[in-house]
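# Coordinate inspection notes
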Amino acid sequence: NIAGQAGRISEAMRLDSIGLAMCRADGNVVQSTMFLDNMANCYVVQEKWTEAEDHFFQCLAIDSATGNYK
């Protein structure tokens, strides 16, 4: 979040990708949504709407299935 808010989008995406990969490797689906959401927000800043939508929908699917109504 800090990197993204500071405008360092490529760094934010790299860190989120690492975090997402770690969650997936551990089977930690619930925690993966924070990385997917962060990545989606980075895509919004870049006006990459299709990628943002894809990541937001992945979050929605996981959160809905796990009862996380953030």
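Just so you know, these numbers come straight off a predicted model, no measurement behind them.

### What to know about the packing of helix H2 (residues 9-26) against helix H3 (residues 29-45)
Relative to each other, H2 and H3 sit at 155 degrees, their axes nearing to 9 Å. Comparing the axis directions of H2 and H3 gives the class roughly antiparallel. Crossing hand, H2 versus H3: left-handed. In this structure, H2 uses Ile9, Ala12, Met13, Asp16, Ser17, Gly19, Leu20, Cys23 and Arg24 to contact H3, whose residues at the interface are Gln31, Ser32, Phe35, Leu36, Asn38, Met39, Cys42, Tyr43 and Val45. For the contact of H2 with H3, the residue count by class is 11 nonpolar, five polar and two charged.

### Some words on the confidence of the model for the chain
Averaged over every residue, the pLDDT of the chain is 92; the share at 70 or more is 100%. Taken element by element, the chain is modelled with least confidence in helix H1 (residues 2-5), mean pLDDT 80, and with most confidence in helix H4 (residues 49-66), mean pLDDT 96.

Cut-offs used in this document
- Residues numbered from 1 in each chain as written.
- Predicted model: local features only at pLDDT ≥ 70, side-chain atom pairs only at ≥ 80, totals over all residues.
- Heavy atoms only, no water.
- Axes fitted to C-alpha atoms, helices over the stretch in contact; angles between N-to-C directions.
- Helix = DSSP H or I, 4+ residues; strand = E, 2+ residues; numbered from the N terminus.
- Parallel < 35°, antiparallel > 145°, perpendicular 65-115°, else oblique.
- Left-handed = near helix turned anticlockwise from the far one by under 90°.
- Contact = heavy atoms within 4.5 Å.
- Nonpolar A, V, L, I, M, F, W, Y, C, P; charged D, E, K, R; others polar.
- pLDDT = per-residue confidence, 0-100.

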